[in-house]
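Chain by chain, the residues:
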Amino acid sequence: CFLQKQADSVNYGGPRAGWVGGDVGTIVQGFIPATANPSQEFELSVLGIGLPHLSGQRVKLVAAGSGCASMQPAHVTGIGCIDASTCGPGPAIAHREQATWAGVSLAPGEYNVCYCVGNCAETWHWMLVPGGSLSVVLQASYSVTVTGGVVLRNTPEFSIQVESTGLGAATNWRLKLTQRPDCNGYPAQKITKDGSAVDQETGVGWSPSDVSVAKWVLNTVGEDAAGEYVVCVCFESPCTNYAALLGPNGESFITVNRLPADAVMSGTIYHNQRWTVDGSDTSPVPKRIHIDVAGEGLAALGTAAIAITSTACGSPFPTTSASTGVVATETNLRFTVDLAAEHATAGVRFVCYRSADGQAVETAGHLAVTRRVSVGVTYVVDVSVDQSIEIAGSNLDWKKDRIMVVGCNGQCGVSAHSTEVQFNQDPSAVPGALVPNRPGAPELSNTTDNPADLRTFSKVSGRYCSGNNLLSDTAVRCGERAEGYAGRLPGDEVTDALCYTTSECLALCEAAADCHAVEMHVTLPRCFLNSEACRDVIADGQLGVDSQYDFFLQGKVNGVSEDNYTQWQLPGGADVAAAGWSTTEVLRFAPIRFPSTGRFKVCFCDHQLGTVDTSLAPPVALDTCADSGTTGSEGVGCSHYVSHPDQCGDHDTHGFVARELCCACRALVLSGCSRVENFQVQIGEVQASGLSCLLSDTRFRRQTCYQQTFGGLLCGLSQSSPGGAQAPRLPSSWGIPEELQAVAV
């Protein structure tokens, strides 16, 4: 063999019989230097054999021991990284045994050198360079002296003193403070020395107030002085590099604190609040209610007032349904209001707030008046087991009324549902809106993504009825649509598939006298209508399994109301009995599970209760509104929503948003239960902990509780038993350990 010293100079001269040759590849051997001075630029070189000439090789510096998959610290200068793998620039000098990066500057600390030979898109492309760590040591630190021990934004004077070893006299030293994370930022302008801030253009720091002890006496200026600042000192003349110093306990910055009063909003109410009133009791008139308005710094606002109106708040301040008194605390204003007859009817009202000085009128939130459900109740449930929630009232409709459970700090009509609550052991099947057990079929869940007038279907996920398809006289098959049409699939020329949205497919089925069910694709606007023959398939438990489709069962079979059914078979043989169904007086939601302890709010969607779309500000006047001529998906334009306002948003595209472009949608008063805003009636609270744990709360020692049909207790000061004899009244000590019953009684 022949050993070659300079691989670049070897002329292989082409193939030679009986010989093989090559190099040893890239071998990284170490780096220089091993030490550096803080905040002073130096050259970093990676040493090795067979390093590439290409500029694609990269280097980065990480905290010692953190590994090369780590992000480079932000205070490293001369080498920049936007993430853990993308760094730059390439080397200033590169040859086969050394690659050098110039202009590198570091803060004090220990660093590992990481190297990438090229193609550095992934963190595993980076290797640790042998040779230990690169040490950056500064023999200097700072200390802060201030009266009271804490620097506040209004501190008249504080001092910073620098202690060092081997850095000479402080005559030419310069100090400046910058916002975190390093000394490269602009000098702080709200910290001054002798009335002057560091010039932002030159960046030259202050000279010491006392050279003999290297001390700077500084001042804070105004509220904006609060923040965190890096102490940056230059030890040379002329001053070119500032080093970030550490405090006596390793602190990397000093804090100028706000005053305690800065965190308090004086005399400010919270907005977008929600209240609920039971309007079923129509006597006396006017109806006296209490409205609690929350906020901060309210104790001095005893002359503030509110009024309930049916129109948007503004001047002059309304006199009807206005507050007659107020009790003020630091965080709450309790107003007494005599609700006039016109405001006590079912509906949503504005709660208008007038400031204590009488100068400003604003909207504090909305009041929902309901006459269909009982409110102010408490549900007591155990955790991690199937329980239920029962809603009592009158003229309830299991097809349209819904509930939503939100966290204890959420607000009904504003907050999204709590993801902790599990309904039907499959939270994804009913996203947020919980559906009551329907008459005769408590095991099925009703659809929640359709307009209110179409909610007569029950949904079984991942199932379909084989064959038995039919066509609507007014529907267009997918096979008749153009190639590439949403929902059309190869082979649809010979199928009965229809390319429509969920609400449109269900509407087609309801309009067809012989339609029994719908198979709906879970992601595409694509469905099949099923004939009456599917009834026998369901009864035999022979529905097919397909995760791409959901089976929607029509609410009527052969024209017979399902309210008259007592028992029939679901796929898998699950019996669905009549006992425990929902009625016009009680809606039962089961099974529902709370995995952990906590408090929640139960929000009811009264499908008859409209709610003003508060996202439209200011409201759009219909007589000045002009529809856009553009169209959304499937060619749907603004004229479509005049007769189908419930579908506003169903056909939105990037360039067509119905609620912005169409009058029928912009002036929309939402109804049904299709949006979070509709769940504005707060029924009460859920205490997920079990009855025994509630004895510390004296409220529950006075309340009457009832066992709900499918588990859990319904408690209220004057709560009547929903469902008659099916929910027997329990003694006040029911379910309480014997050793605690005396306390409860």
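Residue positions are given per chain, counting from 1 as you read along its sequence in written order. Restriction of local features to residues with pLDDT of at least 70 applies here, the model being predicted, together with a cutoff of 80 or more for giving and counting side-chain atom pairs; totals for whole chains, interfaces and linings are based on all residues. Processing note: side-chain calculations cover all non-hydrogen atoms of the structure and skip hydrogens and water entirely.

A few words now on the overall build of the chain. In terms of regular secondary structure, the chain is built from 6 helices and 48 strands. What makes two residues a contact is simply this: any of their non-hydrogen atoms within 4.5 Å. Taking contacts inside the chain between residues at least 6 apart in sequence as the whole, the part at least 24 apart equals 68%. Methods summary: accessible areas were calculated by the Shrake-Rupley approach with a probe of 1.4 Å, and residue burial reflects only the protein chains presented. Of the accessible surface of the chain, which amounts to about 35,300 Å², a share of 51% is contributed by carbon and sulfur atoms. A run of H or I in DSSP counts as a helix once it spans at least four residues, and a run of E counts as a strand once it spans at least two, with each numbered from the N terminus.

Before going further, it helps to examine the nonpolar core. Here the nonpolar core consists of buried residues drawn from Ala, Val, Leu, Ile, Met, Phe, Trp, Tyr and Cys, with membership extended through side-chain atoms lying within 4.5 Å. Three labels apply to residues, based on accessible area from a 1.4 Å probe with only protein chains included: buried if under 20% of the type maximum, exposed if over 50%, partly exposed otherwise in between. Ranked by size, the top nonpolar core spans 28 residues in total, and within it L175, L177 and I191 carry the most contacts. Taken together, the elements giving at least two residues each to this core come down to β12 (140–145), β13 (158–164), β14 (174–179), β16 (215–220), β17 (227–234) and β19 (254–256). When sequence neighbours within four positions are dropped, the list of residues in contact with L175 reads I160, V162, V198, G205, W206, W216, L218, V231, C232 and V233. I391, L434, V681 and L714 belong to the second largest nonpolar core, which has 26 residues in total.

What follows covers the packing of aromatic side chains. Between 30 and 60 degrees the pair is tilted, below 30 it is stacked and above 60 it is edge-to-face, where a pair is any two Phe, Tyr or Trp rings, Trp via its six-membered ring, whose centres lie within 6.5 Å. Taken as a whole and assessed by the stated rule, the structure comprises 4 aromatic pairs. Centre to centre, the rings of W173 and F235 are 4.9 Å apart; their planes meet at 85°, and the pair counts as edge-to-face. One end of the pair, W173, is in the loop between β13 and β14; the other, F235, is in the loop between β17 and β18 (243–244), with 62 residues separating them in the sequence. Taking 6.2 Å as the distance between ring centres and 55° as the angle between the ring planes, the aromatic pair formed by F528 and Y549 counts as tilted. With F528 in strand β36 (residues 527–531) and Y549 in strand β37 (residues 544–554), the pair connects residues that are 21 residues apart, well separated along the chain. Both residues of the pair, F528 and Y549, belong to the buried class.

Take the pattern of salt bridges next. Salt bridge criterion: a side-chain nitrogen from Lys or Arg within 4 Å of a carboxyl oxygen from Asp or Glu. Under the defined criterion, the tally for this structure stands at 10 salt bridges. Notably, a salt bridge pairs K193 with D194, separated by 3.2 Å at the nearest N-O pair. Look at K193 and you get buried, because its relative accessible area is 10%. For D194, a relative accessible area of 64% translates into the label exposed. When the shortest N-O distance is used, the salt bridge between R599 and E685 registers 2.8 Å. Here R599, found in strand β43 (residues 598–605), pairs with E685, found in strand β46 (residues 681–688); they are 86 residues apart in sequence, far enough to count as distant. Among the charged side chains, a salt-bridge network with shared partners connects E483, R488 and E493.

In this scheme, strands are said to pair when DSSP sees at least two bridges between them. Sheet topology places strand β1 (residues 27–32) next to strand β3 (residues 42–49); 5 bridges connect them, and they run antiparallel. Across the sheet, the residue bridging to F31 is V46, located in β3. Where β3 meets strand β8 (residues 98–104), 5 bridges bridge the pair, whose relative direction is antiparallel. Pairing of L47 across the sheet is with Q98, part of β8.

Ordered in space as β12-β13-β16-β15, the 4 strands form an open sheet in which the pairing is antiparallel. Single-partner strands in this sheet number two, and they are β12 and β15 (191–192). Bridge count for β13 against β16 is 4 bridges, and the pairing is antiparallel. Each residue of the ladder has a partner; that of S159, found in β16, is V217.

Next up on the list: the pairing of strand β35 (residues 515–521). Along β35, 7 of the 7 residues are buried, which leaves the element largely enclosed by surrounding structure. Direction of pairing for β35 relative to β36: antiparallel, over a ladder of 5 bridges. Looking across to β36, one finds that C515 is bridged to S531. Here β35 folds back onto β36, and the loop between the two strands holds 5 residues. Here β35 runs beside β37; their pairing, made up of 5 bridges, is antiparallel. Its bridge partner being in β37, A517 is matched across the sheet by L553.

Note on terminology: pairs of cysteine sulfur atoms within 2.5 Å are recorded as disulfides. With the rule as written, the count across this model stands at 10 disulfides. With its sulfur 2.0 Å from that of its partner, C313 forms a disulfide with C352. Since a negative S-S torsion denotes a left-handed disulfide, the C313-C352 link at about -90° is left-handed. Of this pair, C313 sits in the loop between β23 (305–309) and β24 (323–328) while C352 sits in strand β26 (residues 347–354), and the two are 39 residues apart along the sequence. Considered together, C313 and C352 belong to a single accessibility category, that of buried residues.

What follows covers the confidence of the model for the chain. Interpretation of this model should avoid reading the predicted coordinates in detail wherever pLDDT is low. Averaged over the chain, the pLDDT score is 77; the fraction of residues at 70 or greater is 78%. In the predicted structure, residues 425–431 sits below a pLDDT of 50 and forms 11 contacts with residues beyond four places in sequence or in another chain. Contacts of residues 611–624 to residues separated by more than four positions or lying in other chains number 21 contacts, the stretch itself having pLDDT below 50. Residue-level confidence of the predictor, termed pLDDT, takes values from 0 up to 100.

Cis geometry marks the peptide bond from I32 to P33; its omega dihedral reads 0°. Mapped onto the elements of the fold, P33 is located in the loop between β1 and β2 (35–36). Between A590 and the following residue, P591, the backbone shows a cis peptide bond with an omega angle of -10°. Its location among the elements puts P591 in strand β42 (residues 586–593).

Put simply, a patch holds well-exposed residues, over 30% relative accessible area, that have no salt bridge, with like charges counted together within 9 Å and Val, Leu, Ile, Met, Phe, Trp or Tyr side chains within 5 Å. A cluster of nonpolar side chains, contributed by V24, I27 and I49, occupies part of the molecular surface with about 250 Å² of accessible area. Within the element layout of this structure, V24 appears in the segment before β1.

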